[in-house]
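# Structural overview
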Amino acid sequence: MKSESTSLKLQPFELLFTQNEIQEVITDMGARISKDYEDKNPILLGVLKGCFVFVADLIRAISIPTEVEFISAHSYGSSFEPGTLTLSGGPEINLKGRHILMVEGVVDTGRTAVSIVETLKSMEPASVEIVTLLDKTGRRELLLDIKYAGIPVKDDFVIGYGLDYNQLYRNLPFIGKVIDQTAE
Ligand code: IMP
Ligand code: MG
């Protein structure tokens, strides 16, 4: 009997940002957050799954007492385009009166960030700010004020350092861009 095999459709990509370049950006961001939130004991609220590598590095670049929580955001779209958003597994602690830093790997249209910020505001935190490693400003559909934006990126689909294409490539230690094979 012929066995069913899952064929992995691998995607060609090219390097955009090296590990060292990423670390420099995160070191600066961690220093800024440590200064801005001195005596505030903030909570890093990571948006899974894309944030997980970034959160691990960012929290180690922060020198003040900091807590960490996660929320899951899943978008049922195509490989490249966002679809319907669902949120699950919110933080287990009370956010009322707390300073929240919502951490994303990449902000694209802004739909995920806006939806999470709205959900968080109903929990009456003392403050909510957005932190993202990569910022696709040119793709924004909703107005967003991002206090900590690491690296601006063009309208490329980026992978690696926690970010996926069809759930793969999260383990790349650098950030690459998927090469559009339909382009001239
Ligand atoms: P939004 O469009 O800002 O809501 O972004 C939705 C989510 O899509 C992000 O949190 C990422 O998980 C994912 N996403 C957007 N752009 C990229 C990309 O270039 N590479 C990988 N994931 C992406
Ligand atoms: Mg994804």
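Refer to the structure above for everything that follows.
Anyway, here's the lowdown on the structure attached to this text. (Residues numbered from 1 in each chain as written. Chains lettered and ligands numbered in written order. Predicted model: local features only at pLDDT ≥ 70, side-chain atom pairs only at ≥ 80, totals over all residues. Heavy atoms only, no water.)

Residue position: Ser127 is located in strand S6 (residues 127-135). In terms of polar contacts, Ser127 uses its side chain to reach the side chain of His99, at 2.6 Å. Once residues within four sequence positions are removed from consideration, Ser127 is found in contact with Tyr37, Arg98, His99 and Ile100. (Helix = DSSP H or I, 4+ residues; strand = E, 2+ residues; numbered from the N terminus. Polar contact = N/O pair within 3.5 Å; in protein donor to acceptor, adjacent residues only side chain to side chain. Contact = heavy atoms within 4.5 Å.)

Further remarks concern the sheet that holds strand S1 (residues 13-17). Pairing in this open sheet of three strands is antiparallel, and the strands run S1-S9-S8 from one edge to the other. Strands with a single pairing partner mark the edges of an open sheet, and in this sheet they are S1 and strand S8 (158-159). (Pairing = 2+ DSSP bridges.)

Right, let's talk about the pattern of salt bridges for a bit. Counted under the stated rule, the structure contains eleven salt bridges. Here Lys177 and Asp156 are joined by a salt bridge, their closest N and O atoms 3.9 Å apart. Note that Lys177 is positioned in strand S9 (residues 175-178) and Asp156 in the loop between strand S7 (148-152) and S8, a separation of 21 residues in sequence. Through salt bridges with shared partners, a single ionic network connects Asp108, Lys136, Arg139 and Asp155. (Salt bridge = Lys/Arg side-chain N within 4 Å of Asp/Glu carboxyl O.)

Two measures describe an aromatic ring pair: the distance that separates the ring centres and the angle between the ring planes. Applying the stated criterion across every chain, the model contains three aromatic pairs. Relative to Phe174, the ring of Phe13 lies with its centre 6.1 Å away and its plane at 40°, an arrangement referred to as tilted. Of this pair, Phe13 sits in strand S1 while Phe174 sits in the loop between S8 and S9, and the two are 161 residues apart along the sequence. Exposure remark for Phe13: the relative accessible area of 30% places this residue in the partly exposed category. Overall, Phe174 belongs to the partly exposed group, its relative accessible area being 23%. A cation over an aromatic ring shows up here: Lys40 above the ring of Tyr37, its NZ or CZ 6.0 Å from the ring centre. (Phe/Tyr/Trp six-rings, centres within 6.5 Å; stacked < 30°, edge-to-face > 60°. Buried < 20%, exposed > 50% of the residue type's maximum accessible area, 1.4 Å probe, protein only. Lys NZ or Arg CZ within 6 Å of the ring centre and 35° of its normal.)

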